[in-house]
Amino acid sequence: MLTTRDLMTEDLIALRDSDSLLEAQKAMEQARIRHLPIIDDAGAFVGLLTHRDLLAASVSRLADIDQATQEEIYAAIPIHEVMRADVAMASPELPLRQAAEVLLTQKYGCLPVVESGKLVGILTASDFIRLSLDLMDALEANEKLDCQGCQDCQD
């Protein structure tokens, strides 16, 4: 049986709850991610900051505020003021099918993977898309092997 550990991303980018929204925005842009796990100084998982959370906290471009001022505002706001603390999590041993059902039925984009209070990984919808592509490739390769020498393919 596949578990969350088999698919989760372990090479994580995480910030501390005391870091600023500006640091979060830059980290998300540089890594091209939409979900940022948040940890405390001891490394315990305390919340999640999503791209949507950043957008909700941002000043509208219609307010005619220049980029430098916007960055100044972001630099003054600690992540803990905007992050979500009540977040669904997964254990590394959670069956992968159950994790997929949670993502699908709850319309979550990710599940932080936590073991003994510590962040050990993250499982995202993109991980499942990657798995689907790998499975489709394997199925196609298998079909080609099964079909070798068959009269229908030679016509």
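Scroll up to find the structure this text is about.
**Digging into the pairing of strand 3 (residues 45–50)**
Regular strands show a simple pattern: their side chains alternate between the two faces of the sheet. Of all six residues in strand 3, five are buried, a share of seventy percent or more. Across five bridges, strand 2 (residues 35–39) lies against strand 3 in antiparallel orientation. Bridge pairing in strand 3 places Ile39 opposite Phe45. The hairpin formed by strand 2 and strand 3 contains five residues between the paired strands, and Gly43 there has a positive phi angle of roughly 90°.

**Let's talk about a nonpolar patch on the surface**
Where nonpolar side chains cluster on the molecular surface, the patch consists of Ile129, Leu133 and Met136 and spans about 290 Å² of accessible area. Tracing the backbone through its elements, the reader meets Leu133 in helix 6 (residues 125–147).

**Description of the pattern of salt bridges**
All told, the structure shown has six salt bridges when counted by the stated rule. The residue Asp127 makes a salt bridge to Arg130 at a minimum N-O spacing of 3.0 Å. Of the two residues, Asp127 and Arg130 are both situated in helix 6; the distance of three residues between them amounts to about one turn of the helix. A network of salt bridges, in which partner residues are shared, links Arg5, Glu93 and Glu115.

**Brief notes about the side chain of His35**
Checked against the element boundaries, His35 lands in strand 2. Apart from residues no more than four positions distant in its own chain, His35 is found in contact with Met28, Leu48, Leu49, Thr50, Gly109, Cys110, Ile122 and Thr124.

**Describing the sheet that holds strand 1 (residues 15–16)**
Reading across the sheet, the three strands line up as 1-2-3 and stay open at both edges, with mixed pairing between neighbours. Strand pairing shows two members of the sheet lacking a second neighbour, strand 1 and strand 3, which therefore form its edges. One ladder, built from two bridges, connects strand 1 with strand 2; its direction is parallel. Directly across from Leu15, in strand 2, lies its bridge partner Ile38. Helix 2 (residues 21–31) rests against strand 1, strand 2 and strand 3 of the sheet, and its axis sits at about 65° to strand 3.

**Digging into the nonpolar core**
In this structure, Leu15, Leu21, Leu36, Ile38, Leu49 and Ile79 are the most contacted members of the largest nonpolar core, which totals 14 residues. Counting residues per element, the ones that place at least two in this core are helix 2 and strand 2. The element that contributes the greatest number of residues to this core is helix 2, accounting for five residues. The residues touching Ile79, leaving out its near neighbours within four places in the chain, are Leu15, Arg16, Asp17, Asp19, Ser20, Leu21, Ala24, Ile38 and Leu49. Counting residues in hydrophobic clusters, the runner-up holds eleven residues, among them Met8, Leu96, Leu103 and Val113.

**Some details on helix 2**
Helical geometry note: an α-helix holds 3.6 residues per turn, so side chains three or four residues apart project in the same direction. If you check which residues of helix 2 are buried, you get Leu21, Leu22, Ala24, Gln25, Ala27 and Met28. If you follow the buried residues of helix 2, they end up packed against strand 1, strand 2, strand 3, helix 3 (51–57) and helix 4 (67–75). Directly after helix 2, the chain includes Arg32, whose backbone phi takes a positive value near 55°.

**Looking at the pairing of strand 5 (residues 118–124)**
Along strand 5, five of the seven residues are buried, which leaves the element largely enclosed by surrounding structure. With six bridges joining them, strand 4 (residues 110–115) and strand 5 adopt antiparallel strand pairing. Of the residues in strand 5, the one forming a bridge with Glu115 is Lys118. Here strand 4 folds back onto strand 5 in antiparallel fashion, the turn holding two residues, of which Ser116 has a positive phi close to 55°.

Conventions used here
Each chain carries its own residue numbering, running from 1 in the direction its sequence is written. Side-chain atom pairs in this predicted model are given and counted only at pLDDT of 80 or more, local residue features only at pLDDT of at least 70, and totals for whole chains, interfaces and linings cover all residues. Note: side-chain values were computed over all heavy atoms of the structure, leaving out hydrogens and water. For every residue, the accessible area (1.4 Å probe, protein chains only) is compared with the maximum for its type, and the residue is labelled buried under 20%, exposed over 50%, or partly exposed between those bounds. Secondary structure follows DSSP: runs of H or I at least 4 residues long count as helices, runs of E at least 2 residues long count as strands, and numbering of each begins at the N terminus. By this definition, two strands are paired if DSSP reports at least two bridges between them. Within the patch definition used here, like charges are joined within 9 Å and nonpolar side chains (Val, Leu, Ile, Met, Phe, Trp, Tyr) within 5 Å, considering only residues with over 30% relative accessible area and no salt bridge. Only the protein chains shown count as covering a residue, and every accessible area follows the Shrake-Rupley method with a 1.4 Å probe. Think of a salt bridge as a Lys or Arg side-chain nitrogen and an Asp or Glu carboxyl oxygen that are within 4 Å of each other. Any two residues whose heavy atoms approach within 4.5 Å at even a single point are treated as in contact. To get an axis, a line is fitted to the C-alpha atoms, and for a helix only the part in contact is used. The angle between two axes follows their N-to-C directions and goes from 0 to 180 degrees. By nonpolar core we mean a set of buried residues, namely Ala, Val, Leu, Ile, Met, Phe, Trp, Tyr and Cys, connected to one another through side-chain atoms within 4.5 Å.

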